[in-house]
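Structural overview for review
Each chain is listed here by its residues.
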Amino acid sequence: AKTTYGNFHTVLVDCTQRLVYNYDLDGIDCSLQTIGGLDGGAGDIDARVCDSCALPFGIRDTAGVYETDGASGFEWTVDDDGRSYSGSQSLGDLEMHIVFDQDGTTPLYETVSQPGWQRTTVTISNWTTDVDSALFAPPVCFDGLR
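For every chain, the first residue of the written sequence is number 1, and numbering continues from 1 onward in sequence order. This being a predicted model, a pLDDT of at least 70 is required before a residue's local features are given, and a value of 80 or more before pairs of side-chain atoms are given or counted; all residues contribute to the totals for chains, interfaces and linings. Hydrogens are left out, water is left out, and the side-chain values use all remaining heavy atoms of the structure.

1. Comments concerning the environment of Asp29
Rules: Numbering of helices and strands runs from the N terminus, with a helix taken as a DSSP run of H or I at least four residues long and a strand as a DSSP run of E at least two residues long. Whether two residues are in contact is decided by their heavy atoms, any of which lying within 4.5 Å being enough.
You can see Asp29 is positioned in the loop between strand E3 (19–24) and strand E4 (31–34). Among all residues touching Asp29, those that are not within four sequence positions of it are Asn22, Tyr23 and Asp24.

Here it is as structure tokens:
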């Protein structure tokens, strides 16, 4: 997963290599963190980051509170139009709403809200599952760090 924030700081999570790359888009201020082992081994970042449901604009999980597998009370419902999905947390107040195009597979937008926190809406455009793997390559500043 890769997220670039408004200040151009980028976080690239590579669960295969168990590494998190932090850098600015110009390839400066580069730092590397390790992801803990699947067996519970030590790391800078907890291993569950590789199994988390990311919220818009964030590479993090919610310490296991919000999950989409139903184990934590997060339940999805399909609206009558068959292309809108709403989810809510029965043990809390996190709500997610995702709307898909007529084909039912292309996401159009997602809204995440939690009272007392914020409401975030992400509009998705130019959606594709064909992604150039070069977009997930860390910049050259990491060549000596790996």
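2. Re the packing of aromatic side chains
The relation between two aromatic rings is expressed through the spacing of the ring centres and the mutual angle of the planes. Rule in force here: Pairing of aromatic side chains requires ring centres within 6.5 Å, counting the rings of Phe and Tyr and the six-membered ring of Trp. Pairs whose planes differ by under 30 degrees are stacked, by over 60 edge-to-face, and all others tilted. Exposure classes here rest on a 1.4 Å probe applied to the protein chains alone. A residue is buried below 20% of its type maximum, exposed above 50%, and partly exposed in between.
Across all of its chains, the model carries two aromatic pairs by this definition. Between Tyr21 and Phe142, the aromatic rings sit 4.8 Å apart at their centres with planes inclined by 85°, giving edge-to-face as the arrangement. Within this pair, whereas Tyr21 is found in strand E3, its partner Phe142 is found in the segment after strand E9 (118–123), the two being separated by 121 residues in sequence. Taking relative accessible area as the criterion, Tyr21 reaches 1% and is therefore assigned buried. A relative accessible area of 0% places Phe142 in the buried class.

3. Brief notes about the environment of Thr105
Tracing the backbone through its elements, the reader meets Thr105 in the loop between strand E7 (95–100) and strand E8 (107–114). Among the residues examined, Thr105 registers a relative accessible area of 57% and is labelled exposed. For the pair Thr105 and Arg83, spaced 22 residues apart in the sequence, the C-alpha separation amounts to 8.3 Å. Among residues more than four places away in sequence, those in contact with Thr105 are Phe100 and Trp127.

4. Re the pairing of E7
Looking down a regular strand, the side chains alternate between one sheet face and the other. As a reminder of what qualifies: Here, strands pair whenever DSSP counts at least two bridges between them.
Taken together, the six bridges between E7 and E8 define a ladder with antiparallel strand orientation. When the sheet's bridge partners are listed, His97 is paired in E8 with Thr111. The antiparallel hairpin formed by E7 and E8 contains six residues in its connecting segment, where Gly104 sits at a positive phi of about 80°.

5. Side note on the pairing of E9
As paired elements, E8 and E9 share six bridges and run antiparallel to each other. Directly across from Val112, in E9, lies its bridge partner Thr120. Counted between consecutive antiparallel strands, the loop separating E8 from E9 contains three residues, among which Gly116 sits at a positive phi close to 80°.

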